[in-house]
Amino acid sequence: KDLSCGAWALAKRTIRDKLVLRALASEGVLKIGESEVIDLSRFAWSFATVSVRSPELFGVISVEAVQKRADFEPKGLANLLWAFAKLAVRDV
């Protein structure tokens, strides 16, 4: 949760620090299984908002989102799908 909140805070301020975002993505890949669906949406939205791609992060988000699909609220699912579309994420 803290990782996705950190990414969200950067994106909300339109801070595109690739080094920090890559570090958050690396940690996120390792800990995404512990995340709730809001964290999946928040991570994806954050990276898409600042137009930073992270194929590894989006790959694990995709797997987790499918597994937890019944837990999504409409807004969270919409934000997740928007992020995948904005970054043109395919074949994850």
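Just above, that's the structure.
Residues numbered from 1 in each chain as written. Predicted model: local features only at pLDDT ≥ 70, side-chain atom pairs only at ≥ 80, totals over all residues. Heavy atoms only, no water.

(A) The pattern of salt bridges, seen in detail. Taken as a whole and assessed by the stated rule, the structure comprises three salt bridges. Arg42 serves as the salt-bridge partner of Asp39, at 3.1 Å between the closest nitrogen and oxygen. Of this pair, Asp39 and Arg42 both sit in helix α3 (residues 37-49), separated by three residues, roughly a single helical turn. This pair shows no difference in class: Asp39 is buried, exactly as Arg42 is. (Salt bridge = Lys/Arg side-chain N within 4 Å of Asp/Glu carboxyl O. Helix = DSSP H or I, 4+ residues; strand = E, 2+ residues; numbered from the N terminus. Buried < 20%, exposed > 50% of the residue type's maximum accessible area, 1.4 Å probe, protein only.)

(B) Fine view of the side chain of Glu64. In this structure, Glu64 sits in helix α4 (residues 55-67). Look at Glu64 and you get buried, because its relative accessible area is 11%. Those residues in contact with Glu64 that sit more than four places away from it in its chain are Ile32, Gly33 and Leu40. (Contact = heavy atoms within 4.5 Å.)

Fair warning: the whole summary comes from geometry, so function is off the table for now.
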